[in-house]
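# Tertiary structure, described
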Amino acid sequence: IVSSFKATTSRAVCQLVREYVGHRDGIWDLSVTRTQPVVLGTASADHTAMLWSIETGKCLLKYLGHQGSVNSIKFHPTEQMALTASGDQTAHIWRYMVQLPTPQPVADISQTPCEDDVDFSDKDEADGEVEGPNDCPSVRTAVTTLRSHQGVVIAADWLVGGKQVVTASWDRAANLYDVETSELVHSLTGHDQELTHCCTHPTQRLVVTSSRDTTFRLWDFRDPSIHSVNVFQGHTDTVTSAVFTVGDNVVSGSDDRTVKVWDLKNMRSPIATIRTDSAVNRISVSVNQRIIALPHDNRQVRLFDMSGVRLARLPRSNRQGHRRMVCCSAWCEDNTSCNLFTCGFDRQAIGWNINIPALLQEK
């Protein structure tokens, strides 16, 4: 039964739908808006964040407010606001207004010329690629600038309700801010080395931070009078990200080439461990299908279910897929042509359509 089930799930259909090209340097992070219109946001080492039309691949808006690499981007749960974290030691909250273009027919991506040969000739190719997106409107000023860190701000996220945000920094602290006043509410200290990521629970006042010290920490703000913290030591190398699922799980990924699934009610040991052949970067979990997308240093992206069963590997060849390290993955639950996005050091984001057999979804 197990072998036949694995054979069925491995036939997940993964199709590359669209490439989002325009950044001048590697893309560290991406996410999809939670409000209409549904757009893709990317954060790049080229000091910019961009918003894209998912259906056409057109750049809709460019944010130019940061003085350093933009390391993460997250959208407000109900308003048209974005939160970006940067190497300039700040996090910015900025407003956007975009209008979606009319969708065009999907181009045959298989005809895209192979650019493997030019991966490392940075300047010439990059300058040629970005002429189109330079035409898109830009925002240069933040509504709110959050400045309490003494090092690179590597990630930031909105707490449920969108009235507070949390930031994670290389100064070994995570900070909780009030959005309206931009005041520092709490500094979350305890990690021994630089933080790599932070994530908030979709429905509860819970935060998880991950670090190069091989641990991740769960911070509980549900009771205003108690701010409890739990430390989890399941990895042997840098924890590159830890994310909540809609249920009561946390999924953590690490440079030790493992991904672990934890139960929030009993986090003494993981309920599943996925072993891979390459370091794992910023993972994401599909809300609807509960599928984990693993972006790897070795340019691969793999999909697993919550019990650790491998479902698929995204196609990668000379003509399609990432040509350098894949930094991040993000799921889109809205009814768009793409339901998974990935980005990497090759300066592009890619939209995929992932079709999982019904047998798996019933599991």
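Summary of the structure given here. All chains use their own residue numbering, which begins from 1 and follows the written sequence. Per-residue local features are limited, in this predicted model, to residues with pLDDT of at least 70; the limit for side-chain atom pairs, both in listing and counting, is 80 or more; totals at the level of whole chains, interfaces and linings are taken over all residues. Excluding hydrogens and water, the side-chain figures rest on all heavy atoms present in the structure.

## Observations concerning unusual backbone geometry
Where we set the bar: For the purposes of this entry, the term helix denotes a DSSP run of H or I that reaches at least four residues, the term strand denotes a run of E that reaches at least two, and both are numbered from the N terminus. Burial classes: relative accessible area under 20% of the type maximum marks a residue as buried, over 50% as exposed, and values in between as partly exposed (1.4 Å probe, protein chains only).
Following Gln36, the chain continues into Pro37 via a peptide bond in cis, with omega recorded as -5°. Topologically, Pro37 is positioned in the loop between β2 (27-32) and β3 (39-44). Positive phi is not limited to glycine here, since Gln89 has a value of about 70°. Structurally, Gln89 is set in the loop between β7 (81-86) and β8 (91-95). Relative accessible area serves as the criterion here: at 34%, Gln89 is assigned to the partly exposed category. With a phi close to 75°, Arg172 is a non-glycine residue in the positive phi region. By the secondary structure assignment, Arg172 is in the loop between β12 (164-169) and β13 (174-178).

## Notes on the pattern of salt bridges
What counts is decided by this rule: Think of a salt bridge as a Lys or Arg side-chain nitrogen and an Asp or Glu carboxyl oxygen that are within 4 Å of each other.
Enumeration according to the criterion identifies seven salt bridges in this entry. Across the pair Glu79 and Arg95 runs a salt bridge whose closest N-O atoms are separated by 3.3 Å. Residue Glu79 is located in the loop between β6 (70-75) and β7, and its partner Arg95 is located in strand β8; the two are separated by 16 residues in the primary sequence. Between Asp277 and Arg302 there is a salt bridge, with the nearest N and O atoms lying 3.2 Å from each other.

## Concerning the environment of Gly351
The condition that has to hold: We call two residues contacting when some pair of their heavy atoms lies within 4.5 Å.
Its location among the elements puts Gly351 in strand β29 (residues 348-355). With 21 residues separating them in the primary sequence, Gly351 and Ala330 have C-alpha atoms 9.7 Å apart. Look past the residues within four positions of Gly351 in its chain and what remains in contact with it is Gln15, Leu16, Val17, Arg18, Tyr20, Cys338, Leu340 and Phe341.

## Focus: the layout of surface pockets
Note the cut-off: Put plainly, a pocket is an open set of points on a 1 Å grid over the protein atoms alone with protein on both sides within 12 Å along at least five of seven lines, a cavity is a set where a 1.4 Å probe fits but cannot get out, and a lining residue has an atom within 4 Å of a point. Grid points are joined across faces, edges and corners, and a volume is the space filled by probe spheres set on the points. Side-chain classes follow a simple rule in which Ala, Val, Leu, Ile, Met, Phe, Trp, Tyr, Cys and Pro form the nonpolar group, Asp, Glu, Lys and Arg form the charged group, and the remainder, Gly included, forms the polar group.
Taken as a whole, the largest pocket holds about 920 Å³ of empty space. Lining the largest pocket are 41 residues; nearest its centre among them are Arg34, Lys74, Val285, Val287 and Trp331. For the lining of the largest pocket, the secondary structure elements donating two or more residues are β2, β6, β11 (153-158), β15 (195-200), β19 (239-244), β23 (284-285) and β27 (326-331). Looking at the lining of the largest pocket residue by residue, the classes come out as 21 nonpolar, 12 polar and eight charged. By volume, the second largest pocket is sized at about 430 Å³. Lining the second largest pocket we find 18 residues, and of these Trp28, Ile154, Thr196, Asn281 and Arg282 sit closest to its centre. Residues that form the lining of the second largest pocket fall into these classes: seven nonpolar, six polar and five charged.

## Considerations on the sheet that holds strand β18 (residues 228-232)
Put simply, the rule is: Whether two strands pair depends on DSSP finding at least two bridges between them. Each axis is a line fitted through C-alpha atoms, and for a helix only the stretch in contact is used; angles between axes span 0 to 180 degrees, taken between their N-to-C directions.
With antiparallel pairing, the four strands of this open sheet are ordered in space as β15-β16-β17-β18. The open sheet is flanked by β15 and β18, the only strands paired with a single partner. Strand after strand, the sheet turns through a mean of 20° between neighbouring axes, direction not considered. Note that strand β16 (residues 206-211) and strand β17 (residues 216-220) share five bridges and pair antiparallel. The residue of β17 that forms the bridge with Thr209 is Arg217.

## Comments concerning the sheet that holds strand β1 (residues 13-21)
Read from one edge to the other, the open sheet built from four strands follows the order β1-β29-β28-β27, with strand pairing classed as antiparallel. Edge positions in the sheet fall to β1 and β27, since each has one partner strand and no second. For this sheet the average axis-to-axis angle between neighbouring strands, irrespective of direction, equals 25°. As judged from the eight bridges shared by β1 and β29, these two strands associate in the antiparallel manner. Residue pairing for β29: Gln15 is matched across the bridge by Asn353.

## Digging into the pairing of strand β24 (residues 291-295)
For β24, the buried fraction is high: five of the five residues fall into the buried class. Of the two faces of β24, the one carrying Ile291, Ala293 and Pro295 and the one carrying Ile292 and Leu294 are both buried. In this sheet, β24 lies alongside β23 in antiparallel orientation, the contact comprising two bridges. Residue Val285 lies in a different strand from β24, and its bridge partner there is Ile292.

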